[in-house]
Amino acid sequence: MPHRPDPTTAPNPPITTPTSSTPSRRLDARSLRGLAHPLRMRIFEVLTLDGPATATHLAARLGENTGTVSWHLRHLAEHGFIEEETGRGTKRERWWRRVAAENDLYTADFRGDPDSRGPLSVYLHELVQLYFHRVTDYVNGDWDDTWRRAGTLADWHNLRLSPEQLAALNAELAEVVARHTPPPEAAPAPGALPVVVQLQSFPREERGAG
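Residues numbered from 1 in each chain as written. Predicted model: local features only at pLDDT ≥ 70, side-chain atom pairs only at ≥ 80, totals over all residues. Heavy atoms only, no water.

Draft legend 1. Seen up close, the pattern of salt bridges. In this structure the tally under the stated criterion is eleven salt bridges. We note a salt bridge from Glu-84 to Arg-94, for which the minimum N-O separation is 3.4 Å. Residue Glu-84 is found in strand β3 (residues 82–89), and its partner Arg-94 is found in strand β4 (residues 94–98); the two are separated by ten residues along the sequence. With relative accessibility at 30%, the residue Glu-84 sits in the partly exposed group. Judged by its relative accessible area of 31%, Arg-94 falls in the partly exposed class. What you see here is one network of salt bridges that share partners, running through Glu-83, Glu-85, Arg-88 and Arg-97. (Salt bridge = Lys/Arg side-chain N within 4 Å of Asp/Glu carboxyl O. Helix = DSSP H or I, 4+ residues; strand = E, 2+ residues; numbered from the N terminus. Buried < 20%, exposed > 50% of the residue type's maximum accessible area, 1.4 Å probe, protein only.)

Draft legend 2. Focus on the packing of helix α2 (residues 38–50) against helix α4 (residues 66–78). Contact geometry for α2 and α4: axes closest at 10 Å, N-to-C directions at 75°. With respect to their mutual orientation, α2 and α4 come out roughly perpendicular. Packed against α2, whose contacting residues are Leu-39, Arg-40, Ile-43, Phe-44 and Leu-47, the element α4 presents Thr-68, Val-69, Trp-71, His-72, Leu-73, His-75 and Leu-76 at the interface. Taken together, the residues that form the contact of α2 with α4 break down as eight nonpolar, three polar and one charged. (Axes fitted to C-alpha atoms, helices over the stretch in contact; angles between N-to-C directions. Parallel < 35°, antiparallel > 145°, perpendicular 65-115°, else oblique. Contact = heavy atoms within 4.5 Å. Nonpolar A, V, L, I, M, F, W, Y, C, P; charged D, E, K, R; others polar.)

Draft legend 3. Examining the packing of aromatic side chains more closely. On inspection of all chains with the given rule, the structure shows three aromatic pairs. A ring pair is formed by Tyr-138 and Trp-143, whose centres lie 6.3 Å apart and whose planes are at 40°; its orientation type is tilted. Given a relative accessible area of 22%, Tyr-138 falls into the partly exposed group. Relative to Trp-147, the ring of Trp-143 has its centre 6.5 Å away and its plane inclined at 55°; by these criteria the two rings are tilted. Overall, Trp-143 belongs to the partly exposed group, its relative accessible area being 34%. Residue classification places Trp-147 among the partly exposed positions, given a relative accessible area of 29%. A connected cluster of aromatic rings, assembled from ring pairs, spans Tyr-138, Trp-143 and Trp-147. A cation over a ring is seen here: Arg-25 above Phe-81, with NZ or CZ 4.3 Å from the ring centre. The ring of Tyr-106 carries the charged tip of Arg-26 above its face, separated from the ring centre by 3.9 Å. (Phe/Tyr/Trp six-rings, centres within 6.5 Å; stacked < 30°, edge-to-face > 60°. Lys NZ or Arg CZ within 6 Å of the ring centre and 35° of its normal.)

Draft legend 4. Focus on the environment of Gly-118. With respect to the helices, strands and loops of the structure, Gly-118 is situated in helix α5 (residues 117–140). Classification of Gly-118 as partly exposed rests on a relative accessible area of 39%. When the C-alpha positions of Gly-118 and Arg-33 are compared, they lie 9.0 Å apart, and in sequence the two are 85 residues distant.

Draft legend 5. Just the nonpolar core, in detail. Ranked by size, the top nonpolar core spans 27 residues in total, and within it Ile-43, Leu-47, Leu-58, Leu-73, Ile-82 and Tyr-123 carry the most contacts. Counting residues per element, the ones that place at least two in this core are α1 (29–35), α2, α3 (55–62), α4 and α5. With six residues, the single largest contributor to this core is α2. (Core = buried A, V, L, I, M, F, W, Y, C linked by side-chain atoms within 4.5 Å.)

Draft legend 6. Highlighting the pairing of β3. Where β3 and β4 come together, four bridges link them in antiparallel fashion. Bridging from a neighbouring strand, Gly-89 pairs with Arg-94 of β4. The hairpin turn running from β3 into β4, its antiparallel successor, is four residues long. (Pairing = 2+ DSSP bridges.)

Draft legend 7. Expanded view of the packing of α2 against α5. Here α2 crosses α5 at 45°, and the two axes come no closer than 10 Å. Viewed along their axes, α2 and α5 adopt a mutual orientation that is oblique. For the pair α2 and α5, the sense of crossing is right-handed. Touching Pro-38, Met-41, Arg-42, Glu-45 and Leu-49 of α2 are Val-122, Tyr-123, Glu-126, Leu-127, Leu-130 and Arg-134, all from α5. Its residues placed into classes, the contact of α2 with α5 shows seven nonpolar, no polar and four charged. (Left-handed = near helix turned anticlockwise from the far one by under 90°.)

Draft legend 8. The arrangement of the pairing of β4 in detail. In this structure, strand β2 (residues 53–54) lies alongside β4, joined through two bridges in antiparallel fashion. Along β4, the bridge assignment pairs Ala-53 with Trp-96.

In structure tokens:
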């Protein structure tokens, strides 16, 4: 559930998922309110990363009540984020999957809408928490030395860029990820595991050393 660069500040097209055949939609105020809830965002992330699941499976995974999870699943489906996987499960135990579309969010779209300020704040703060927990899961995981050497946690703090330069940097990094992303129909390489690439690049307020 990416947060895309604002078109008002990005001279290049927004960063998109590197599968051109994947449709995308631009989130509006209604769809933002449908997603901007801590539990709904956690449910959506599990379905995105790990594939279809039932309310029972999700409740056990997230430590929540099955009835509560079912209610949020229906809410996500109503707003077009997930759908029932037909031909699987029963009337009592339905399987849900993420809709095959990327969700683009531009914060500039909501700048003049005070009613969207709360949902937008919830969405962005929860998104940061989800990214944070992905990193801590990796750090706390029992990985062998091969995977430890392959993974990285790094930052570069000595850049001074204009908004246009920062947008160009993000676009180039997205192109690199795209080159390393195999097509969906390709067989995984031997020993391959799911990999998450998190790009976090943003300006900071300049402060004096004192």
